[in-house]
Amino acid sequence: MSDHQNQRQAALHYHEYPKPGKLEIRATKPMANGRDLSRAYSPGVAEACLEIQNTPADAVRYTARGNLVAVVTNGTAVLGLGNIGALASKPVMEGKAVLFKKFASIDCFDIELNEPDPEKLAEIVCALEPTFGAINLEDIKAPDCFIVEKICRERMNIPVFHDDQHGTAIVVGAAAKNALHVAGKAFEDIKIVSTGGGAAGIACLNMLLKLGVRRENVWLCDIHGLVHEGRELDMNPQKAAFAQQTDLRDLDQVIEGADMFLGLSGPNVLTPEMVAKMASRPIIFALANPTPEILPDEARKVAPDAIIATGRSDYPNQVNNVLCFPFIFRGALDVGASEINDAMQLACIDGIAQLARATTSAEAAAAYRGEQLTFGADYLIPKPFDPRLIGVVAPSVARAAMDSGVATRPIEDLEAYKSRLDGSVFKSALLMRPVFEAARTASRRIVFAEGEDERVLRASQAVLEETTETPILIGRPEVIERRCERYGLTIRPGRDFEIVNPENDPRYRDYWGTYHTLMSRRGVTPDLARAIMRTNTTAIGAVMVHRGEADSLICGTFGQFLWHMNYIQQVLGTDGLHSVGALSLMILEDGPLFIADTHVHHEPTPEQITETVIGAARHVRRFGLQPNIALCSHSQFGNLDNDSGRRMRAALDILDSAPRKFCYEGEMHIDAALDPELRARIFPETRMEGAANVLVFTNTDAASGVRNILKMKGGGLEVGPILMGMGNRAHIVTPSITTRGLLNMSAIAGTPVAHYG
């Protein structure tokens with residue numbers, strides 16, 4: 001199959017399995033008995049209905065309306081697909097709903113309507129007001145989208161926001177604000193030439209006017225040329241507002257002396273010759289996707305000092321609506337805004353722009369040291385997965401809503417609100433996204449011991465797509481080649497990744513010689529060293545890391561954990577490393593929970609428990625979280641004189657013997673660790689505040705059992721196990737790991753470890 005066919009099949013598989021679509025509805029209240037049911041439905045539900053009838057504003061107290069957004073479309077202008085109809089647009093709308101949930105914890109229903117008439121479509125949307133706290137209009141063709149939004153905003157008392165228009169305009173506005181700052185120019189002085197007279201293009205121009213651009217300095221072109229006075233072809237009131245009185249007729253003529261080009265049209269519309277006619281230090285926003293109006297490299301051939309943004313993630317300055325829409329809705333919903341007005345949109349622009357300028361070292365992850373993002377021509381706006389966005393943008397929007405008088409539920413303490421939003425960033429699988437951002441800049445070499453495994457092959461392709469890491473696979477070349485073809489993968493050995501062939505590798509003599517040197521005084525003969533380097537892929541990978549031919553080893557897709565660890569410890573232990581414990585990150589619906597030690601020390605000593613606690617604290621900080629560690633036992637604060645309680649109390653004494661820069665408490669039951677109120681009743685003197693985010697156990701049976709229950713029955717996504725104490729040079733996964741799990745582990749292994757006290 002071709003690359004396109006492979007990508008198509010992968011995308012279809014993603015949407016179909018393990019269950020069709022990207023969304024489901026879950027109950028938020030218990031319904032375990034008749035009492036619960038009588039409150040959820042008849043007769044108890046009547047009480048909530050009557051309260052809302054008497055006080056309509058109380059709907060946000062008794063229903064999900066205050067955190068519920070509708071994504072509404074008729075499918076007439078979908079992505080780059082055009083008028084594909086309402087039903088075919090559903091995957092896109094589901095995707096938008098997922099982004100709302102993942103980025104801003106906003107619940108969302110996608111609504112696809114078979115209604116081409118804009119006025120009738122608006123009437124249907126207006127009738128939905130009792131259900132939703134806000135409306136996101138999406139993928140409705142121009143000029144119909146202007147009509148629909150105007151009617152809805154006039155008739156509805158909740159925010160109505162057409163993201164294709166205003167979301168794009170806000171991100172463009174933020175990027176333009178910072179681009180002008182870098183170029184040393186001002187909005188009121190610049191000449192702008194724009195291509196694309198659709199909803200997004202018109203909205204961007206209107207936003208730039210609000211930021212200070214003079215209307216007479218805006219030159220709008222579309223497929224028919226310049227929008228000028230007297231033109232009748234393909235015109236509407238929105239375009240006509242930018243008509244110029246001139247004899248010039250095309251882009252090549254009007255681009256002369258332009259300070260900024262804004263492209264929301266199609267591929268290769270702007271030529272290098274046109275760029276050469278622009279003013280010095282030109283600003284070029286070529287936002288057509290997937291092929292921009294001009295590629296950055298082509299523009300810089302004639303204007304090396306150009307400041308360039310695109311809609312693509314593989315170039316700097318990606319203009320992406322996800323920088324805006326989740327957070328502007330978050331702020332609007334939280335203050336009960338009746339609309340999203342100009343003040344809120346401008347506040348959103350300021351928040352995004354200020355975040356890019358806030359520091360000269362904006363890290364992709366709070367604890368991984370990745371790409372150094374310094375404000376300037378190649379860093380005008382934050383990365384889409386910057387964890388600071390929600391805490392900066394949503395409060396700015398909320399404040400603007402209150403100051404402009406459209407907030408029905410003002411927030412008294414905006415600082416506390418910001419802190420709460422900052423904490424919410426780490427309550428989803430997006431916790432891993434900054435790690436991938438950092439992994440894109442690390443360029444580390446990851447060796448996979450079980451290179452013939454299907455999961456490893458699929459993960460290797462994903463590694464090449466998502467990071468700058470170099471996978472090295474241990475296995476037989478002909479087997480790997482054959483399986484890549486069988487699984488429809490585009491990667492090939494020798495071209496995309498390196499192979500170490502245990503049966504015939506030119507480095508074989510060097511490898512067994514290194515292993516023998518390390519192990520000669522531990523009973524390993526030359527013959528045994530040769531045999532191990534022919535058959536033991538984990539030992540081969542460990543030797544590669546020891547020799548500096550790989551930066552990290554991932555093994556364990558089959559076999560027993562301690563078997564793999566034995567060889568890792570044999571080889572890398574000579575480098576002064578020793579395994580402290582295995583830490584599993586479980587990403588749950590209400591936030592992350594770390595479990596240790598799941599594999600290494602079956603019955604750890606107090607000293608080993610202490611090492612596990614200290615190691616866990618260090619690794620938790622790698623995810624930008626503050627460790628809150630509970631030492632778990634069947635004994636609770638000394639109420640049982642059993643073995644696990646004694647070992648935990650001894651570990652607590654060791655921890656207390658020196659200053660620690662993290663919070664820990666024990667020994668206690670799991671429920672006390674996770675329930676602060678229960679813990680305070682049992683032990684009022686507790687030093688720990690809030691729920692623990694790390695549980696450390698006194699044996700691997702308990703730790704591994706909790707981990708597996710959370711994974712299989714609690715819906716937890718596991719990242720790990722992370723092998724602590726090995727300096728990120730080796731990780732042992734488990735046979736149940738998925739392709740996605742291997743990809744996550746490769747991102748962790750592929751970034752340098754930040755050291756914390």
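Looking at an unreviewed UniProt entry, one finds the protein chain named NADP-dependent malic enzyme, with Antarcticimicrobium luteum as its source organism.

The next point concerns helix H25 (residues 606–621). Residues spaced three or four apart along an α-helix point in a common direction, a consequence of the helix completing one turn every 3.6 residues. With 16 residues, H25 should reach 22 Å at 1.5 Å per residue; the first-to-last C-alpha distance of 23 Å fits that figure. In this structure, the buried side of H25 is in contact with strand S15 (581–588), strand S16 (591–596), strand S17 (628–632), helix H26 (643–656), strand S19 (694–696) and strand S20 (717–724).

Take the UniProt feature "domain: Malic enzyme N-terminal" (unreviewed entry) in the protein chain next. Summarizing the sequence annotation, UniProt attributes the feature "domain: Malic enzyme N-terminal" (unreviewed entry) to residues 20–153 in the numbering used throughout. End-to-end, the C-alpha atoms of residues 20–153 are 34 Å apart, and along that stretch the chain is 42% helix and 12% strand.

A cluster of nonpolar side chains, Leu79, Leu81 and Ile84, forms an exposed patch at the surface whose accessible area comes to about 300 Å². Looking at the secondary structure, you find Ile84 in the loop between strand S1 (68–73) and helix H5 (90–104). For Ile84, a relative accessible area of 31% puts it in the partly exposed group.

Right, let's get into the nonpolar core. Counting 103 residues, the largest nonpolar core has Ile135, Ile170, Leu208, Phe285, Ile328, Met344 and Ile352 as its most contacted members. Here the element with the most residues in this core is helix H8 (residues 163–183); it accounts for 10 residues. Leaving out residues up to four positions away in the same chain, Met344 has contacts with Ile328, Ala332, Ala337, Glu339, Val397, Ala400, Ala401 and Val406. Among the nonpolar cores identified, the runner-up in size contains 54 residues, and Phe436, Ile446, Leu489 and Val613 belong to it.

Let us look at the domain arrangement of the protein chain. The assigned domain composition of the protein chain is domain 1 (3–28 + 64–158), domain 2 (166–319), domain 3 (322–423), domain 4 (439–572) and domain 5 (580–725). Of note, the centres of domain 2 and domain 5, computed from C-alpha atoms alone, are 55 Å apart.

Attention now moves to the confidence of the model for the protein chain. For the protein chain, per-residue confidence averages 90 on the pLDDT scale, and residues scoring 70 or more make up 95% of the total. Averaged pLDDT values over the elements of the protein chain bottom out at 68 in helix H18 (residues 433–442) and peak at 98 in helix H6 (residues 118–127). Within the model, pLDDT remains below 50 along residues 360–372, and this stretch shows 37 contacts once partners closer than five positions in the same chain are excluded.

Here the focus is the packing of aromatic side chains. For the structure on display, the rule yields eight aromatic pairs. Ring centres of Phe662 and Tyr664 lie 5.7 Å apart, and the angle between their planes is 55°; on these two criteria the pair is classed as tilted. Residue Phe662 shares its accessibility class with Tyr664, and that shared class is buried. The structure contains a cluster of three or more aromatic residues connected by ring pairs, namely Phe100, Phe161, Phe325 and Phe329. Note that Arg215 overlies the ring of Phe242, its terminal NZ or CZ placed 5.0 Å from the centroid.

For S16, the tally of buried residues reaches six of six residues, placing the bulk of the element in the interior. Taken together, S15 and the strand that follows it, S16, pair antiparallel across an intervening segment of two residues. Two elements, S16 and S19, share three bridges in a ladder whose sense is parallel. Bridge pairing in S19 links Ile595 to Leu695.

Next up on the list: the sheet that holds strand S3 (residues 134–137). Strand order in the open sheet formed by four strands is S2-S1-S3-S4, and the pairing between neighbours is parallel. The open sheet has two free edges, formed respectively by strand S2 (107–112) and strand S4 (160–162), since each of these has just one partner strand. Between one strand axis and the next, the sheet turns by 20° as a mean value, whatever way the strands run. Looking at chain direction, S1 and S3 are connected through four bridges and run parallel.

Turning our eyes to something else, we now look at unusual backbone geometry. In this structure, the amide linkage connecting Ala142 to the following residue, Pro143, adopts the cis form with an omega of 5°. Looking along the chain, the bond that leaves Asn289 and enters Pro290 is cis, with omega of 0°. Residue position: Pro290 is located in the loop between strand S9 (283–286) and helix H13 (296–302). The phi dihedral of Arg281 falls on the positive side, at around 50°, and the residue is not glycine. By the element assignment, Arg281 lies in the loop between helix H12 (272–277) and S9.

Okay, the pairing of strand S11 (residues 445–448) next. In this structure, S11 lies alongside strand S12 (residues 470–474), joined through four bridges in parallel fashion. Along S12, the bridge assignment pairs Arg445 with Thr470. As for the winding sense of the linkage, the β-α-β connection from S11 through helix H19 (residues 454–466) to S12 is right-handed.

About the cut-offs
Residues numbered from 1 in each chain as written. Predicted model: local features only at pLDDT ≥ 70, side-chain atom pairs only at ≥ 80, totals over all residues. Heavy atoms only, no water. Helix = DSSP H or I, 4+ residues; strand = E, 2+ residues; numbered from the N terminus. Expected span 1.5 Å × (residues − 1). Contact = heavy atoms within 4.5 Å. UniProt positions renumbered as here; feature names shortened; annotations may be inferred. Patch = residues over 30% accessible without salt bridge, like charges linked within 9 Å, V, L, I, M, F, W, Y side chains within 5 Å. Areas by Shrake-Rupley, 256 points an atom, 1.4 Å probe, with all protein chains shown as cover. Salt bridge = Lys/Arg side-chain N within 4 Å of Asp/Glu carboxyl O. Buried < 20%, exposed > 50% of the residue type's maximum accessible area, 1.4 Å probe, protein only. Core = buried A, V, L, I, M, F, W, Y, C linked by side-chain atoms within 4.5 Å. Domains from an automatic or database assignment. pLDDT = per-residue confidence, 0-100. Phe/Tyr/Trp six-rings, centres within 6.5 Å; stacked < 30°, edge-to-face > 60°. Lys NZ or Arg CZ within 6 Å of the ring centre and 35° of its normal. Pairing = 2+ DSSP bridges. Axes fitted to C-alpha atoms, helices over the stretch in contact; angles between N-to-C directions. Right-handed = clockwise from strand over helix to strand, strands pointing away.

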